[in-house]
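# Coordinate inspection notes
Chain residues, written in single-letter form:
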Amino acid sequence: MKYLHLTWSNLRRKKLRTLLTLLSITVAFVLYGYLAAIRVGLSAGVDVAGADRLIVRHRVSIAQPLPQTYQARIARIPGVAAVIHQSWFGGIYQDPKNFFSQFPVEPESFLRMYPEYLLPEDQKQAWFRTRTGVIVGRATAKRFGWKVGDRIPIQATIWTKKDGGRVWDFDIVGIYDGAQKATDTTIMFLRYDYFDETRLFGTGNVGWFIVRVKDPDHAAEVAAAIDAEFANSSAETKAETEKAFVGGWARQIADIGTIIKAILSAVFFTILLVAGNTVAQSVRERTEELGVLKAMGFTNALVLALVLAESCLLACLGGGLGLALAWFLIARGDPTHGALNVFYFPVKDLAAGVVLALALGLVTGLIPAWQAGRLRIADALRKG
Amino acid sequence: MSVAESTLVQVQAVEKFYRRGSETVHVLEGIDLGVRAGEFLALMGPSGSGKSTLLNLLGGLDRPTKGTIEIGGERMDHLPDRPLAAWRARHIGFVFQFYNLLPVLTAERNVELPLLLTPLSRAERKRRVAIALAIVGLAHRAKHFPRQLSGGEQQRAGIARAIVTDPTLLLCDEPTGDLDRKAGDEVLNLLQALSRDHGKTVIMVTHDPHASARATRTVFLYKGQIVTEMPK
């Protein structure tokens, strides 16, 4: 600690240069934070997908419906503990850019299947009683300022009502929270019975099934048995684990992980050059001073450590500032206003950012520090 | 030269040469020198005579090619790097021609630098820094940065830095070379007082006969050899 003042003073030697380098590092780490949050948003659900749940969809596409009657046949397959179904509603609230998902479900079995959706008991009962009732996630409720008791009009894009109307009025009877931070709380769930009776066409069909297996270790066998059950039928199925399904959905957009890694690699390589050049230049400019320190009795190892400390301090200051700024900005919410169902800066990515900042400091300081350590005193004093 | 009991520095048959391609450049040849404790010795000679090289060897900044150097009865010319650095920190105080203060630190922080290598507490370091600055008459300029000090004041801060650890030997490389006569005199007065009143052993490289006149003895170097010795 007694050398901290010396290290800090050296960083303040060329204030503008240090400030610019600091800002570059800060911006890089803000970008790092945002990309981590975007990755979480785009792969939302993969991490919290139930290992004991299967998704059964039409073999051709999830857009193709399946008969609801499959539910009873799936339930009879050995290894299946429970089956529910969901469908795509695809409605718009006020403006097409106000996108969020809406799924018709059977309330009781749905809530048993998804214990990660936390809903107060009185709101559950209200949903079971109210045919036009819906529950919405906290994020969406907050986004539109909805509260329990509100009646909201949703414009259908697919499902025309039997009366020819396309506006569905729903009553908000509950607002659910997620058991985990990564649980998607943007979805609205409506009652399937009301949906199925009111829609003009498609009656008796559902979008997909969710199956809970008794033993997750045998999920693959159960999935194969389900697909075999409906083989050669008019609506063949494809069953897969929820994790694989959600992951596949995310991959339809792109391999987010690879893209993010590529962007970050480019950013940090550039920062490495910028910060490395700053430290190297700073060391070159005070060769004579380093010689003086050594003449006083500073060892080679101590001089090396001082230069490394300087680069680490610079990187950690810039990195810390960037991570803190990213945390603050990301906490203010999704900048796309709803395109990302989940948007937060995961703590493990924050911790990785701290390690990255320290590594950046070590790597940028390594060569100048090594050169400073090896500097011969007589040569250093002569160079002055 | 006979080795008196009070001899602090003993240089025997020291040679220093460099190889430049196939050529060997002799910088010092057959140097024998003794310096008594408390002596103020001036090393004079033209440029390239080897004075600064000899000073570097005495300060452990470089190693002789041949010969031995003992300081305070301890042979230091063959110490490995790390013990040599510790030895320098304990025994040597350097004063440079261009002061070599760190521009980013105040005078007191500059003076404190050698004490960072000791296990002293912050309070004790501050106390010693205050004493060293008082000795060189710079207590009132402690909080000033080098750019806010005159050349003479910077050199006095450099001397305070050199003496703050109470070293065995003070090595000065052209300490008045960058100063006007008045400031140079102040610095020489100070070095003289350190030797005379505080018993410090001072070895000073200089071109200036006016500066060497303040020393108790002057040694002349010419082409790497001691050519004349003129005790005062």
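Here is a short report on the structure shown in this document. Everything numeric in this text was worked out from a predicted model, so none of it was measured. (Residues numbered from 1 in each chain as written. Chains lettered and ligands numbered in written order. Predicted model: local features only at pLDDT ≥ 70, side-chain atom pairs only at ≥ 80, totals over all residues. Heavy atoms only, no water.)

### Some points on the overall build of chain B
The helix and strand tally for chain B stands at seven helices and ten strands. On the principal axes, the C-alpha backbone points of chain B span a range of 50 × 40 × 40 Å. Counting all 232 residues of chain B, 55% fall into the buried class. Counting only contacts in chain B whose residues sit at least 6 apart along the sequence, the fraction spanning at least 24 positions is 68%. Per element, the accessible surface of chain B, about 10100 Å² overall, is 51% carbon and sulfur. (Helix = DSSP H or I, 4+ residues; strand = E, 2+ residues; numbered from the N terminus. Buried < 20%, exposed > 50% of the residue type's maximum accessible area, 1.4 Å probe, protein only. Contact = heavy atoms within 4.5 Å. Areas by Shrake-Rupley, 256 points an atom, 1.4 Å probe, with all protein chains shown as cover.)

### Re the pairing of strand β4 (residues 66-71) of chain B
All names here are of chain B. Alignment of strand β1 (residues 7-20) against β4, held across five bridges, turns out to be antiparallel. Looking at β4, one finds that Glu15 is bridged to Lys66. Alignment of β4 against strand β5 (residues 74-75), held across two bridges, turns out to be antiparallel. When the bridges of β5 are listed, Ile71 appears paired with Glu74. (Pairing = 2+ DSSP bridges.)

### A short note on helix α12 (residues 300-331) of chain A
With 32 residues, α12(A) extends 45 Å from end C-alpha to end C-alpha; this agrees with the ideal 46 Å at 1.5 Å per step. Just past α12(A), the residue A:Gly333 takes up positive phi, approximately 125°. (Expected span 1.5 Å × (residues − 1).)

### So, the sheet that holds strand β13 (residues 237-241) of chain A
Residue and element names in this part refer to chain A. Strand order across the open sheet formed by four strands is β3-β12-β1-β13, with antiparallel pairing between neighbours. Strands at the two margins of the open sheet, each flanked by one partner only, are β3 (80-86) and β13. When strand polarity is set aside, the average angle formed by the axes of neighbouring strands in this sheet is 25°. Pairing between strand β1 (residues 53-58) and strand β12 (residues 208-213): four bridges, direction antiparallel. (Axes fitted to C-alpha atoms, helices over the stretch in contact; angles between N-to-C directions.)

### Section: the nonpolar core
Judged by nonpolar contacts, the single largest core of 57 residues is most densely connected at A:Phe298, B:Val9, B:Leu113 and B:Ile203. With near-sequence residues (within four places) excluded, A:Phe298 lies in contact with A:Tyr3, A:Leu293, A:Val303, A:Leu306, B:Ala85, B:Leu113 and B:Leu117. By size, the runner-up hydrophobic cluster in this structure holds 40 residues, among which are A:Ile74, A:Ile154, A:Ala219 and A:Ile226. (Core = buried A, V, L, I, M, F, W, Y, C linked by side-chain atoms within 4.5 Å.)

### Quick word on helix α8 (residues 219-229) of chain A
All names here are of chain A. Those residues of α8 that fall on the buried side of the exposure criterion are Ala219, Val222, Ala223, Ile226 and Asp227. Considered in projection along α8, the buried side chains sweep an arc of 135° and stay on one side of the axis. In α8, the exposed positions angled more than 90 degrees off the buried face are occupied by Ala220 and Ala228. Turning to α8, the residues buried within the fold contact β1, α3 (70-75), β3, β12 and β13. (Arc of directions from axis to C-beta.)

### A look at the packing of aromatic side chains
Residues and elements named next belong to chain A. Using the criterion set out here, one finds 36 aromatic pairs over all chains in the structure. Taking the centre distance of 5.1 Å and the plane angle of 80° together, the rings of Phe29 and Phe268 count as edge-to-face. Highlighted residues: Phe29 in helix α2 (residues 15-42) and Phe268 in helix α10 (residues 256-285), separated in sequence by 239 residues. Classification of Phe29 as buried rests on a relative accessible area of 0%. Plain terms: the ring middles of Phe110 and Phe189 are 4.3 Å apart, the flat faces sit at 40° to each other, and that makes the pair tilted. Note that Phe110 is positioned in helix α4 (residues 107-113) and Phe189 in strand β10 (residues 188-191), a separation of 79 residues in sequence. Of the two residues examined, Phe110 and Phe189, each falls in the buried class. Here the aromatic residues Trp88, Phe99, Phe103, Phe110, Tyr114, Tyr117, Trp127, Tyr176, Phe189 and Trp208 are joined through ring pairs into a cluster of three or more. The ring of Trp159 has Arg199 sitting right over it, with the charged end atom 4.8 Å from the ring centre. (Phe/Tyr/Trp six-rings, centres within 6.5 Å; stacked < 30°, edge-to-face > 60°. Lys NZ or Arg CZ within 6 Å of the ring centre and 35° of its normal.)

### Concerning the packing of α10(A) against α12(A)
Angle between the axes and distance between the axes: these two values describe a pair of packed helices. All names here are of chain A. With their axes 10 Å apart at the nearest point, α10 and α12 run at an angle of 145° to one another. Here the hand of the crossing between α10 and α12 comes out right-handed. Counting all contacts with α10, which are made through Thr278, Val279, Ser282 and Val283, the residues of α12 involved are Val307, Glu310, Ser311 and Leu314. For the contact of α10 with α12, a count of residues per class yields four nonpolar, three polar and one charged. (Left-handed = near helix turned anticlockwise from the far one by under 90°. Nonpolar A, V, L, I, M, F, W, Y, C, P; charged D, E, K, R; others polar.)

### Notes on the packing of helix α5 (residues 151-163) of chain B against helix α6 (residues 181-196) of chain B
Residues and elements named next belong to chain B. Put simply, α5 and α6 touch, their axes get as near as 9 Å, and they point 20° apart. Classified by the angle their axes make, α5 and α6 are roughly parallel. The two elements α5 and α6 meet at a crossing, and its hand is right-handed. For the pair α5 and α6, the contacting residues are Gly152, Gln155, Arg156, Ile159 and Ile163 in the first and Ala183, Glu186, Val187, Leu190, Leu191 and Leu194 in the second. (Parallel < 35°, antiparallel > 145°, perpendicular 65-115°, else oblique.)

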